Each structure stands twice: as C-alpha cells, then as structure tokens.
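One-letter residues, chain by chain:
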Amino acid sequence: MTLHLHDTRQGRKIPFEPMHDGKVTMYLCGPTVYNYAHIGNARPAVVFDLLARVLRRRYELTFARNFTDVDDKINAASIETGKPIDEITAKYMTAYNEDMGALGVLPPDIEPRATRHIDDMIVMIEALIEKGHAYEADGHVLFDVDSYKDYGSLSKRDLREMIAGSRVEVAPYKKAAHDFVLWKPSTPELPGWESPWGVGRPGWHIECSAMAAKHLGDTIDIHAGGQDLVFPHHENELAQSCCAHDGADFARYWVHNGFLSMDHEKMSKSLGNVVLVHDLVKTVPGEVVRLALLSAHYRQPLDWSGDTLKSAKRMLDRLYGAVRGIDVPEDVRAAAEPPEALVAALEDDINTPKAMAEFFALAKDLNKASDGGEKIRLAASMFASGDLMGLLQSDPEEWFAGHVEGELSAEDIESLIEKRNAARKDKDFATADAVRDQLAAANIKIEDGAGGTTWRRDD
Ligand code: AMP
Ligand code: ZN
C-alpha cells in the first residue's frame with residue numbers, strides 16, 4: 001500500500017508520491033506568538049507531528065514549522081502590556097515549544113522565524129513587482145490578484161464574485177478590492193525594516209511563502225495547516241509563490257485539519273472560550289491530551305468536553321495496563337515493529353480512530369497471551385506502536401503512580417494497601433474494609449490477583 005492523503009485542492013484522497021525519490025518536504029503554518037497556545041492550536045501541531053512520524057518511516061523528511069513573530073496582534077499585545085515585542089515573542093515561542101513538547105510533539109527540523117527572513121520577503125516582493133504581479137501604492141505593495149488566473153483554485157472561491165456581492169470599504173490605494181498586502185508602511189512606534197518602499201513590515205501571507213522557499217525550495221511536497229487557513233492565507237501563499245517562481249507549483253499536496261470546538265463553538269482566542277495547553281498539562285498527563293486530540297479523524301470536527309479527556313485517560317490506562325509488569329529486553333524492544341494494520345491505518349490519510357482500534361486489538365491479544373515469549377513479543381510491538389503514535393512513553397508503573405497534587409501519592413497508596421493486606425491476614429476485616437473505602441474515596445481502584453494487589457487511579 002502507498003501512503004494516501006486527502007488533498008484539499010483536489011477535494012479527495014489521493015496516493016502520495018514525493019517529488020524526489022525517498023525525500024519529502026513539509027511546511028506547517030505555526031503559531032502567531034502573542035499568547036499561550038490553546039488546545040485548538042495544538043490540534044495541527046499534534047496531527048502533523050503524527051504525519052511527520054509516519055512519513056519518516058518511509059522517507060527522509062525535512063519538516064519546517066514557522067513562528068509568526070511579526071503581526072499586528074503582537075503589536076497590540078505589546079501596547080496593551082507595555083512590554084517590548086521581542087520579550088513577548090521570546091516568551092511565547094519558548095512556552096509553545098514546551099507545551100507542544102508536553103504533548104509529545106517532536107521538534108520540527110526547521111523552525112524559521114518571520115523576523116529573521118525579512119530580506120527573503122523583500123526579494124520575493126521585488127520579483128513579484130518585476131514580473132507584473134504586484135504594484136506599489138502609497139507606501140504599500142499589493143498583490144495583483146487579477147494577474148493570476150488560477151486564483152481561487154485551492155479554496156474553490158470565486159473571489160471576484162464574492163467581493164462584488166459584498167460592501168467592503170476599499171482602501172483608495174488598491175487597484176481592486178481583492179488585492180492583498182505584501183508590504184505595509186510602519187510608523188516609528190511599530191516594528192519596521194528598511195525596504196525599497198520605505199520603512200515597513202511584511203503582510204502575513206508573504207512570510208510563509210518566503211520561509212518555505214528559503215528552506216524547502218520553490219515547490220514543496222506537503223503544505224499543512226488548520227482548515228481556517230485555506231482562505232485567504234493559503235490561497236494567497238499559493239498565488240504569491242507560484243507567480244514569484246514563474247508558474248512552478250507551490251505545494252503538491254495540501255492537508256488541513258478540522259476545527260476543535262467547545263459546546264459546538266469554534267475555540268478561539270477572540271471568542272474567549274479557550275483551554276490553554278499550558279494550564280491543562282499541569283493537571284493532566286500530556287499523553288492524555290495528545291490522545292484526546294487524535295481521537296477523532298483529523299479532518300472531522302472535534303468537540304471538546306470533560307469526557308474527551310476522561311475517555312482518553314481510560315484508553316491509555318488500558319494500554320498501559322496491558323504492558324504493565326512485562327519486562328521487554330532492550331534489543332527486542334528496539335527491533336520491534338507496530339502491527340501492519342496499525343501502520344496501514346495511519347498511512348490511510350492518518351486514520352487515527354482505526355489505528356487506535358488496531359492498538360486495542362494488539363492489547364487484547366497481549367492480555368490473552370499466556371506464553372512468556374509471546375507476551376514479550378506483543379508487548380514490544382505495543383511499545384513500537386506507542387513510539388510511532390507518541391504514546392506509551394512513560395514507564396507503566398510510573399503511569400499508574402502518576403498523581404496530581406493533593407491526591408494520595410504512590411507511597412501513601414502502597415502503604416495503605418500493605419495495611420489492608422496485613423489486616424486481612426489478621427482477619428481484621430473492619431480495618432481492611434475501611435482502608436478499601438479510603439482508597440475508593442480517593443478514586444483508587446484496587447484489584448487482588450494471584451501475584452498480589454495492584455492499583456490504579458480511576459477517574
Ligand atoms: P494562530 O496562532 O491563530 O495563527 O493558529 C495556529 C494554528 O492553529 C493554525 O494552523 C490554525 O488553523 C489552528 N487553529 C486555530 N484555532 C483552531 C481550532 N479551534 N481548531 C483547530 N485548529 C485551530
Ligand atoms: Zn502560513
């Protein structure tokens with residue numbers, strides 16, 4: 001089977017073939033760094049981290065995810081807080097990488113920052129002017145949408161009709177209402193760079209076009225991002241890049257994740273209905289959040305609720321429970337592979353619900369196995385599946401011992417279990433039952449088996 005991806009431009013799932021044998025380039029639009037990332041922002045980071053992991057099994061991947069560190073929202077945050085822009089962007093870039101790291105997102109190969117690529121943007125804008133696709137007006141440089149006949153091919157919008165039907169106020173310096181900004185003038189209190197058009201700053205779209213070209217070449221294999229970026233951001237990136245590079249296609253496959261909502265409303269900073277990853281990972285293991293984000297197919301909407309996390313936690317407890325107590329030798333673990341069906345599900349347009357079903361089928365086989373060698377083999381395959389999906393990265397004992405502050409610690413629990421077992425031995429059933437109730441009240445479930453008493457947090 002070859003890898004298949006749903007391509008937004010073609011509107012269907014198609015076989016994936018890289019432009020150059022064995023090598024793949026991928027660009028993901030990263031965060032605008034003026035605030036902590038919410039779990040909606042984390043969805044593309046996690047989903048496309050998984051795609052990167054899947055691609056790396058077959059190909060030599062170069063994966064770039066940018067930081068937008070010049071933007072009017074950042075300028076507004078600087079004015080509001082009185083803090084310098086560099087301080088704001090540095091703080092939230094670090095926080096972003098820490099928070100995504102907590103969700104098992106591996107660092108991309110390249111993390112370009114917009115402010116470090118202003119020269120590349122200027123060169124690209126100059127090329128667009130020279131080739132007749134952009135014009136200067138009133139200190140601005142605008143992309144001339146009418147000069148690119150394929151405009152709208154990605155988002156399937158007829159922009160000319162759209163604008164004609166709306167009553168947007170058109171800036172006087174624009175030739176046409178749908179022309180978009182490549183460069184705009186800055187006043188002294190705003191960030192600005194010298195350019196042939198005066199001191200100014202870039203428009204958002206040109207940032208990604210310039211950074212993708214610089215690090216991955218004129219044509220990239222995969223361009224990824226959230227669904228809201230299809231229009232206008234990606235449509236504009238496509239127009240600019242294609243026109244600057246004499247018609248060379250910009251991205252061969254376009255992949256977009258669906259929205260994460262809360263109570264069926266899109267989670268967004270402007271609506272204020274956000275759950276920050278930064279806060280969440282203080283109380284919930286990052287793997288639980290990761291699995292919750294992967295629980296729905298990436299193109300489907302995902303409605304977030306308390307149950308989303310609870311069910312992800314239960315799923316992980318089942319997986320960790322299956323491998324618990326099985327000692328897998330290092331070399332066996334290193335050589336193990338995930339089941340073919342699990343890999344096939346991920347290679348089928350990142351079908352995570354199907355992949356998780358295969359993961360559970362493997363856990364079930366392991367739970368049923370009685371032969372020691374078979375158990376080790378299946379457990380090793382569980383760990384290999386976990387490595388691929390960014391799950392099962394904790395030691396199983398530590399996983400079940402993990403607790404949030406204010407709860408009973410693992411040591412407290414172990415000593416209570418010892419106390420209960422001693423009481424049972426002495427036939428002091430009242431004490432034994434009281435201890436059991438105390439543990440139950442703290443959401444600790446205990447199970448008595450042939451090998452002794454085991455416990456887990458039940459929430
Ligand atoms: P931003 O920092 O707003 O530029 O967003 C960073 C990334 O998060 C982009 O790829 C957005 O498409 C994506 N994104 C923002 N909100 C959501 C959401 N509620 N659900 C899924 N993806 C989102
Ligand atoms: Zn972008």
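The model shown is predicted, which means the values in this text are computed figures rather than measured ones.

Cut-offs and rules
Numbering of residues starts from 1 in each chain and follows the order in which that chain's sequence is written. All chains are assigned letters beginning at A, and all ligands numbers beginning at 1, according to the order in which they are written. In keeping with the predicted nature of the model, local features appear solely for residues at pLDDT of at least 70, side-chain atom pairs appear and are counted solely at 80 or more, and the whole-chain, interface and lining totals rest on all residues. Side-chain metrics rest on all non-hydrogen atoms present in the structure, leaving aside hydrogens and water. Only N, O and S atoms count as donors, using a 2.8 Å limit from the metal and a wider 3.2 Å limit for Na, K and Ca, and since water is excluded some coordination spheres may look unfilled. A four-donor site is called tetrahedral if each angle lies between 85 and 135 degrees; a four-donor site is square planar, and a six-donor site octahedral, when trans pairs exceed 155 degrees and the remaining angles lie between 65 and 115; all other cases are labelled irregular. Numbering goes from the N terminus for both helices and strands, where a helix is a DSSP run of H or I of at least four residues and a strand is a run of E of at least two. Exposure above 30% relative accessible area and the absence of a salt bridge qualify a residue for a patch, where like charges join within 9 Å and nonpolar side chains (Val, Leu, Ile, Met, Phe, Trp, Tyr) within 5 Å. For the accessible areas, the method is Shrake-Rupley and the probe is 1.4 Å, while residue cover comes only from the protein chains on display. Each reported salt bridge corresponds to a side-chain nitrogen of Lys or Arg within 4 Å of a carboxyl oxygen of Asp or Glu. Only four residue types enter the tally: Lys and Arg on the positive side, Asp and Glu on the negative side; His and the chain ends are excluded. Charge positions are represented by NZ for Lys, CZ for Arg, CG for Asp and CD for Glu. Relative accessible area decides the class of each residue, using a 1.4 Å probe on protein chains only: under 20% of the type maximum gives buried, over 50% gives exposed, and in between gives partly exposed. Angular values range over 0 to 180 degrees, each being the angle between N-to-C directions of two axes fitted as lines to C-alpha atoms, with helices fitted over their stretch in contact. Should an angle lie under 35 degrees it is considered roughly parallel, over 145 roughly antiparallel, and from 65 to 115 roughly perpendicular; all remaining angles are considered oblique. Throughout, a residue-residue contact means that at least one pair of heavy atoms, one from each residue, lies within 4.5 Å. When residues are grouped by polarity, Ala, Val, Leu, Ile, Met, Phe, Trp, Tyr, Cys and Pro land in nonpolar, Asp, Glu, Lys and Arg in charged, and all others, Gly among them, in polar. Boundary definitions for the domains trace back to an automatic or database domain assignment. Throughout this document, a residue counts as near a molecule or strand when at least one of its heavy atoms sits within 4 Å of that molecule or strand. By the criterion applied in these results, polar contacts are pairs of N or O atoms within 3.5 Å in which, for protein atoms, one can donate a hydrogen and the other can accept it, and in which residues neighboring in sequence qualify only through two side-chain atoms.

Before going further, it helps to spend a moment on the coordination of the zinc ion (ligand 2). At the metal site, the zinc ion (ligand 2) is ligated by Cys29 (SG), Cys208 (SG), His233 (NE2) and Glu237 (OE), and these contacts range over 2.1 to 2.4 Å. Its four donor atoms give the zinc ion (ligand 2) angles of 72 to 129° at the centre, a pattern that matches the irregular case. Ordering the donors of the zinc ion (ligand 2) by residue number gives the pattern C-x178-C-x24-H-x3-E. A residue pair is termed a helical-turn pair when its members lie 3 or 4 positions apart in one helix, as His233 and Glu237 do in helix H7 (residues 230-244) at four residues.

So, about a negative patch on the surface. Taken together, Glu411, Asp412, Glu414 and Glu418 make up a surface patch of like negative charges. Looking at the element boundaries, Asp412 is found in helix H16 (residues 410-425). Judged by its relative accessible area of 36%, Asp412 falls in the partly exposed class.

On to unusual backbone geometry, then. Across the junction of Phe231 and Pro232, the peptide omega takes the value 0°, indicating a cis bond. Checked against the element boundaries, Pro232 lands in helix H7. The backbone of His264 shows a phi angle near 65°, a positive value even though the residue is not glycine. Locating His264 in the fold gives a position in the loop between strand E11 (260-262) and strand E12 (265-266).

This part covers the packing of helix H12 (residues 340-347) against helix H13 (residues 352-368). Remark: H12 packs on H13, axes separated minimally by 8 Å, with the N-to-C direction vectors making an angle of 170°. With respect to H13, the axis of H12 lies roughly antiparallel. Contact residues: Ala341, Leu342, Ala345 and Leu346 in H12; Thr352, Lys354, Ala355, Glu358 and Phe359 in H13. Across the contact of H12 with H13, the residue classes tally to six nonpolar, one polar and two charged.

A few words on the domain arrangement of the protein chain. It is common to report an interface's size as the accessible area lost on association of the parts. The assigned domain composition of the protein chain is domain 1 (4-257), domain 2 (262-399) and domain 3 (403-457). In this structure, domain 1 and domain 3 have C-alpha centres spaced 55 Å apart.

Around ligand 1, 16 residues are found, and the nearest of them are Gly40, Gly226, Asp228, Leu260 and Met267. Here an oxygen atom of ligand 1 and a backbone polar atom of Thr32 are 3.3 Å apart. Protein coverage of the free-state accessible area of ligand 1, which is 490 Å², stands at 90%. Looking at the shell around ligand 1 residue by residue, the class counts come to six nonpolar, seven polar and three charged. Residues from two domains meet in the shell around ligand 1; each of domain 1 (4-257) and domain 2 (262-399) gives at least three.

Per the counting criterion, the structure on display carries 26 salt bridges. The salt bridge partner of Arg201 is Asp72, with a shortest N-O separation of 2.9 Å. Of this pair, Arg201 sits in strand E8 (residues 200-202) while Asp72 sits in helix H2 (residues 72-81), and the two are 129 residues apart along the sequence. With relative accessibility at 8%, the residue Arg201 sits in the buried group. Linking Asp120 and Lys214 is a salt bridge whose minimum nitrogen-to-oxygen distance equals 3.8 Å. Of this pair, Asp120 sits in helix H4 (residues 118-130) while Lys214 sits in helix H6 (residues 204-216); the two residues are 94 residues apart in sequence, bridging distant segments of the chain. By relative accessible area, Lys214 is classed as partly exposed at 49%.

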